[in-house]
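For reference, the chains in residue letters:
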Amino acid sequence: MEILGHLADGFLISFEPLNLALVIFGAMVGLFIGAMPGLGSVNGVAILLPMTFLVPPTSAIIFLGAIYYGAMYGGAISSIMLGIPGASTAVATTFDGRPLALKGQADKALVAAATASFVGGTISVILFTAFAPPLAEVALAFGPPEEFALMMLAFATFIGLGGDDIPKTFFSIFIGLVLSAVGLDVVSGEPRLIFMDLPGFLHGVNFLVLAIGIYGIGEMLWTVETSRGNVSMSKATVSAKRVMAALRELVGTWKTMLMGSFLGYFVGILPAAGATPGSLMAYGVAKSIAKDPSTYGKGNVDGVVAPEAANNAASTGSMLPMLTLGIPGSPTTAILLGGMVIWGLEPGPLLFVDHKEFVWGLIASLYSANLFSLLINIAFIPAFIAVLKLPFTILAPVIFALCVVGGYVPTLDMHDVWLMFIFGVVGYLMRKLDYPLAPAVLAIVLGPLAERSVRQSLIGSHGDITIFFQRPISGTIMVVAIILLVMPLYKIIRDRMKAGRDEGGAA
Amino acid sequence: MNKLSTSALSLSLAVGLALGATTVAGEAKAKAWEPKKPIEFVIMAGKGGGADRLARFIQGIIEKHKMSPKPLIPINKGGGSGAEALQYLKAKNGDPHVILATLNSYYTTPLRQPKLGIDISKYTPIARLAEDTFQLWVHVDSGINSVKDYVAAVKKAGKKGWKMGGTGKGAEDSLVTGMLMKKFGIDMTYVPYKGGGKVAKELIGKHINSTVNNPAEQVGFWDAGKSKPLASFTPPGMLKGKWGKIPTFQDLGHGSDMVYYMQRSIVAPGGIADDVRDFYVSLFQKVYTSSEWQGYLNKKGLIPGWLTGDKLQAYFIAEKAKHAKLLGK
């Protein structure tokens, strides 16, 4: 009851005219920033942070929170429309969103993304409202062994997929892991795998460079090849009737939405993970629990719903360690944390006591930020669809330019642009040879997190591997991961034996 | 004749010099150098860490009071413990629109990676804004109340049983840990994490037994009654307020050598013009004297320590020598 009282106070604050206007403005800015490849919520919040000195801290955090949210919605747009991930958090959305658009169902994918974002966002804010302090304890209970177990679970969901070729999936993961090891050793800080001593490799292989290369450049090469030049892009249409039909169809994905929301929120809470791993893991889990995993990657609506619900839920989740522990759960919250220092607020356990209006104003504003992001997004769908109707000869150079900008912006280094082109060509070839690309992307995101946590655990346990099974939380997650890994093997063996018996019976 | 001409010469020289000086001064006053485009504010650490947050705080102060005619754009180049940033600064020799926010990896990285060919004496020192301090921290539930208790507990637990959290081999906290182990003849397992904030959280979650955190990283948990400092790695009497109430190692009779600071300074590339340097020095002097900065220093237990020009360069050289010894190079 006390919480409801705080929340009501929070709503009063968030509905003040200034704050309401900031929420709407922030959601629109975020939508645009998220949709621009290379510009994600991190850049958006960092660029606009200085502007917030003009307003009181509560309004400032409400504005930046709305941008963060809007960007989570916006990232899906270019992922679906152009096949270029608009932000790192929307990479998983390209896996199925792009095939849907190519099938002429871009409107369905966009509606699915927006709706799933809304559901994920709203569920996570409710969880935040009701259980912030106990969940902060969960974040504290997660040490290195638990983090590593979680990473294993993520990898297991990607391997344990019935449809794909398992050796090729492994190969793809290993490529991603090797790339993720480039740069600086996570423990000793020594440079390693610096190809030709090029200084550009010192900051490692940026994950967005890989994703934009594979999905943006690779996609374009692919389109050029398959269409032999005479492309009319997809036959995209949109009407109120089709949107309603899409919404009705989405009711069937409620399980995936719930799963994505809870998983995303939970991963978001853990310090140092954030929305990108959350969305990738949600995609993997959705695929591995699906009745027919082979439809994923070819335009399955659930494949859009899972990561989109998860990335919004995770972005709320990552605010929890920021506010309660003073530790950023994602790169964007790291910037927000810097903002709080400037505004003179001390993040940490006492923030909920000393600055109630700030915390609850923010929480309440997240409810309205979600609603406005959804409405703005749906309203703009016809405009996005119109882009798809442009001839390929116009669209291709635009995509190309956006890819170059997207590769350059995160590090401001031409090195990364060249690297992106190389990945584009390699990604195209891998696709021709039928290698799944998503596992490589997953590996480069989770690789550094997994490496750091496994090494920390083993340093702490003096090389004793049983540390992962001795602790209740990590032990449980590890067992689930191992079951997921073994399941497809069991299936293969069973199918072979069955096939053998059938043949035997026939002969 | 000789005498006359010499004095005439010296007179005309003096007049000439004086005239020259006035024209130069006049010109400088008329058009002191100002940035013509946004200034790249390079941070030699990743996003979200202590160095990054501090740099963005500085950017915020400059922005809020419109101290610079062009904005500062923070860019993180944390690769190779800041090697990436140092090499970038080297490549930008003579560029007036780049500055670097440094921490102690400014000396330790070139020492640990001599192959990089970085000579920090080639860069232009701008300003030292503060020196950050370190304390030895434990969880309140540990039952440890003093350095004496601490040493006894570590000895009892042994290397395998005692985990010290830090941010990486060769990082500041690992050097401080080394000092601690040498001084008290104790041994422990050093576990590296990503950033001091994460280290602080791991102590509160009881995944590690002790830390040597900066005040800013632990203050929230200290205020909430979750962690406590045992001793400061400063000389006595340096810290104010509640930070001053923490004993120093010297107060406890462990000698005056248990002292370590983290410097927070700004440097520019080498080969920049004097008026460019003067612009930055006066910019950061404004930052230093702002009420936000002074308030931050007080609250977060940092030591104010304005230093610029040759004195700052001499300080850098001396600190580098001190770190060479600590690193055993």
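Per chain, residues are indexed from 1 in the order of the written sequence. Chain labels run from A onward and ligand labels from 1 onward, assigned in the order the entries are written. Selection of residues for local features in this predicted model requires a pLDDT of at least 70, selection of side-chain atom pairs for listing and counting requires 80 or more, and totals for whole chains, interfaces and linings are taken over all residues.

**Q** Teacher, can you tell me more about the overall build of chain B here?
**A** The secondary structure content of chain B amounts to 12 helices and 11 strands. Exposure is read from a count of other C-beta atoms within 10 Å of each residue's own; the residue is exposed at 12 or fewer, buried at 20 or more and partly exposed in between. C-beta atoms are placed from the backbone. In chain B, buried positions account for 47% of the 329 residues. Throughout, a residue-residue contact means that the two C-beta atoms, derived from backbone geometry, are no farther apart than 7 Å. Taking as baseline every contact in chain B between residues at least 6 positions apart, the subset at least 24 positions apart corresponds to 77%. We count a stretch as a helix when DSSP gives it H or I for four or more residues in a row; a strand needs E for two or more, and each element gets its number in order from the N terminus.

**Q** Could you clarify how one ought to interpret the overall build of chain A in this entry?
**A** The number of helices and strands found in chain A is 22 helices and two strands. For 507 residues, the compact-globule formula gives about 23 Å, and the C-alpha radius of gyration of chain A, at 22 Å, lands near that figure. Along the longest, intermediate and shortest principal axes, the C-alpha atoms of chain A span 75 × 60 × 55 Å. The 507 residues of chain A split such that 58% are buried. For the radius of gyration, the atoms used are the C-alpha atoms, and the globule rule reads 2.2 Å times the number of residues raised to 0.38.

**Q** Mind showing me how you'd approach the interface of chain A and chain B here?
**A** With 39 residues of chain A in contact, the opposing surface of chain B contributes 38 residues. Those elements giving two or more residues to the side of chain A that touches chain B turn out to be α6 (106-141), β1 (183-184), α15 (331-342) and α20 (438-461) of chain A. Polar here means any residue outside two lists: the nonpolar Ala, Val, Leu, Ile, Met, Phe, Trp, Tyr, Cys and Pro, and the charged Asp, Glu, Lys and Arg; Gly therefore counts as polar. Each residue belonging to the side of chain A that touches chain B can be placed in one class, and the counts come to 25 nonpolar, 12 polar and two charged.

**Q** Sorry if this is basic, but what is going on with the nonpolar core here?
**A** Nonpolar side chains in soluble globular proteins tend to end up buried together. Residue and element names in this part refer to chain A. Ile80, Ala112, Leu210, Ala282 and Val441 are the most contacted members of the largest nonpolar core, which has 152 residues in total. It is helix α4 (residues 57-81) that provides the largest number of residues to this core, a total of 16 residues. Here Val441 is in contact with Val91, Gly176, Leu210 and Ala211, once residues within four sequence places are set aside. Residues enter a nonpolar core if they are buried, belong to Ala, Val, Leu, Ile, Met, Phe, Trp, Tyr or Cys, and are joined to the set through C-beta atoms within 7 Å.

**Q** I would appreciate a short explanation of unusual backbone geometry in the present structure.
**A** A negative phi angle characterises most non-glycine residues, just as the trans form characterises most peptide bonds. Non-glycine residue Asp197 of chain A carries a positive phi angle of around 55 degrees. Mapped onto the secondary structure, Asp197 of chain A falls in the loop between β2 (191-192) and α9 (207-227). Even without being glycine, Lys66 of chain B reaches a positive phi, approximately 50 degrees.

**Q** What am I meant to see in the packing of α4 of chain A against α6 of chain A here?
**A** The relative placement of two packed helices comes down to the angle between their axes together with the axis-to-axis distance. Residue and element names in this part refer to chain A. The convention used is that axes are lines fitted to C-alpha atoms, helices contributing only their stretch in contact, and that angles between N-to-C directions extend from 0 to 180 degrees. Where α4 meets α6, the axes come as close as 10 Å, and the angle between the chain directions of the two elements is 160 degrees. Considered as vectors, α4 and α6 are oriented roughly antiparallel to each other. For α4 against α6, the interelement crossing comes out right-handed. Within the contact between the two elements, α4 uses Tyr69, Met72, Tyr73, Ala76, Ile77, Ile80 and Met81 and α6 uses Ala106, Ala109, Leu110, Ala113, Ala114, Ser117 and Gly121. Considering only residue class, the contact of α4 with α6 consists of 12 nonpolar, two polar and no charged. Any angle between 65 and 115 degrees counts as roughly perpendicular, while under 35 counts as roughly parallel, over 145 as roughly antiparallel, and the rest as oblique. For a crossing to be left-handed, the near helix must be turned anticlockwise from the far one by less than a right angle; the clockwise case is right-handed.

**Q** Looking at this structure, I do not really get the domain arrangement of chain B. What am I missing?
**A** How big an interface is tends to be stated in terms of accessible area lost as the parts join. Residues and elements named next belong to chain B. Note: domain ranges come from an automatic or database domain assignment. Split by domain assignment, chain B resolves into domain 1 (39-131 + 261-326) and domain 2 (135-244). Distance between the C-alpha centres of domain 1 and domain 2: 27 Å. In this assembly, 12 residues from domain 1 lie in contact with 15 residues from domain 2.

**Q** Looking at this structure, how should I read the environment of Ala314 of chain B?
**A** Locating Ala314 of chain B in the fold gives a position in helix α12 (residues 309-326). The sequence separation of Ala314 of chain B and Ser121 of chain B amounts to 193 residues, and the corresponding C-alpha distance is 9.1 Å.

**Q** What exactly am I supposed to notice about the sheet that holds strand β4 (residues 124-132) of chain B here?
**A** Sheet strands pair by backbone hydrogen bonding; their relative direction is either parallel or antiparallel. Residues and elements named next belong to chain B. Within the open sheet, the six strands sit side by side as β2-β1-β3-β10-β4-β11. Their pairing is mixed. The sheet is open, and its two borders are formed by β2 (72-76) and β11 (303-307), each paired with just one other strand. Neighbouring strand axes in the sheet, compared pairwise and without regard to direction, differ in orientation by 20 degrees on average. A pair of strands is treated as paired once DSSP finds two or more bridges between them. Summarising the sheet, strand β1 (residues 39-43) and β2 pair through five bridges and their orientation is parallel. Each bridged residue has a counterpart across the sheet, and for Val42 the counterpart in β2 is Ile75. Across the sheet, helix α2 (residues 50-64) is in contact with β1, β2, β3 (98-102) and β10 (262-268); its angle to β2 comes to roughly 170 degrees.

**Q** I'm lost on the sheet that holds strand β6 (residues 163-166) of chain B in this one. Help?
**A** Ordered by their spatial adjacency, five strands build an open sheet running β7-β6-β8-β5-β9 (chain B), and the pairing between neighbours is mixed. With one partner strand each, in any of the chains shown, β7 (189-192) and β9 (227-232) of chain B form the two edges of the open sheet. With direction set aside, neighbouring strand axes in the sheet form an average angle of 30 degrees. Sheet topology places strand β5 (residues 135-139) of chain B next to strand β8 (residues 210-213) of chain B; four bridges connect them, and they run antiparallel. By the bridge assignment, Trp137 of chain B is partnered in β8 of chain B with Thr211 of chain B. Taken strand by strand, α20 of chain A contacts β6 and β7 of chain B, and its axis lies near 170 degrees from that of β7 of chain B. In the packing of helix α8 (residues 215-223) of chain B onto the sheet, the strands contacted are β5, β8 and β9 of chain B, and the crossing angle to β9 of chain B comes to about 140 degrees.

**Q** Which parts of the structure should I look at to understand the environment of Glu131 of chain B?
**A** Residues and elements named next belong to chain B. Residue position: Glu131 is located in strand β4. Assessed through the 19 C-beta atoms surrounding it within 10 Å, Glu131 is described here as partly exposed. With 33 residues separating them in the primary sequence, Glu131 and Val98 have C-alpha atoms 23 Å apart. The residues touching Glu131, leaving out its near neighbours within four places in the chain, are Tyr261, Met262, Gln263, Leu302, Ile303 and Gly305.

**Q** Would you mind going over helix α5 (residues 91-102) of chain A with me for this structure?
**A** All names here are of chain A. For a helix, the expected span equals 1.5 Å multiplied by the residue count minus one. Taking 1.5 Å per residue, 12 residues should reach 16 Å; α5 reaches 17 Å between its end C-alpha atoms and fits that length. Along α5, the residues classified as buried are Val91, Ala92, Thr93, Thr94, Phe95, Asp96, Gly97, Arg98, Pro99, Leu100 and Ala101. Gly104 lies just past α5 and shows a positive phi near 85 degrees.

**Q** Sorry if this is basic, but what is going on with the pairing of β10 of chain B here?
**A** Residue and element names in this part refer to chain B. Counting buried positions along β10 gives six out of seven residues, so the element sits mostly inside the fold. When β3 meets β10, the two strands line up antiparallel, connected through three bridges. Across the sheet, Leu100 pairs through a bridge with Val267, a residue of β10.

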